[in-house]
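# Summary of structural features
Each chain is listed here by its residues.
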Amino acid sequence: MKSRLYTIILLIAFCGLTKAQVTVHKMLNVGYTYQNQSFGEVGGKLLFLSNDDVIFRTGVSALMGSANQKFAIMPKVQADFLLNFEKNVDFYHSYYFVTGAEATNKYIAPKVGFSLFGIVDLMGGYGFSLDKDGINGKELKGLNINFTINIPLVLIK
């Protein structure tokens, strides 16, 4: 039921972007997530671009880490908007303000932050627990911090 709700919310958010011609870029992402526990993150993202002022990104990844001395893996979905309305600058759109949310089967976390070129992200928020048992007996709620590096696939080819 929860996964259907997340899918519906994502589709509604994406429907607003379908009116204009949209370019899609594929990206790999690696990073670090702190959600009452440290996790490494590996996954993929899609970047939907119609102009450089507002960019929509969505992605899936796996969070891997140790909770209560046991290795754990959690799936994660995320969606965010990158915003920069600054005009007439020499280095056009080098930074973006980011707002979005991420969800796993254990928590959901709205977040805000900034991104350098849309490649290096630093974001923070608050995670709300969906499961009181948590992961390996540790409930995941509270401060959420993400540091992510997004690698466009065109750079790899």
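Residues numbered from 1 in each chain as written. Predicted model: local features only at pLDDT ≥ 70, side-chain atom pairs only at ≥ 80, totals over all residues. Heavy atoms only, no water.

### Things to note about the pairing of strand β2 (residues 38-49)
Two faces, one strand: in a regular strand the side chains alternate between the faces of the sheet. In terms of strand pairing, strand β1 (residues 23-35) meets β2 through 12 bridges, oriented antiparallel. Each bridged residue has a counterpart across the sheet, and for Gly-31 the counterpart in β2 is Glu-41. Between β1 and β2, which follow one another and run antiparallel, lie two residues, and Asn-36 among them has a positive phi close to 60°. Note: β2 against strand β3 (residues 54-67), 10 bridges, orientation antiparallel. (Pairing = 2+ DSSP bridges. Helix = DSSP H or I, 4+ residues; strand = E, 2+ residues; numbered from the N terminus.)

### Details of the pairing of strand β4 (residues 70-83)
Sheet analysis places β3 next to β4, joined by 14 bridges and oriented antiparallel. Looking across to β4, one finds that Arg-57 is bridged to Asp-80. Here β3 hands over to β4 after two residues, with Asn-68 in that stretch at a positive phi of 55°. The pairing of β4 with strand β5 (residues 95-104) spans eight bridges and is classified as antiparallel. Within β5, the residue paired with Val-77 across the bridge is Ala-103.

In short, the description is geometric, and any link to function would need to be established separately.
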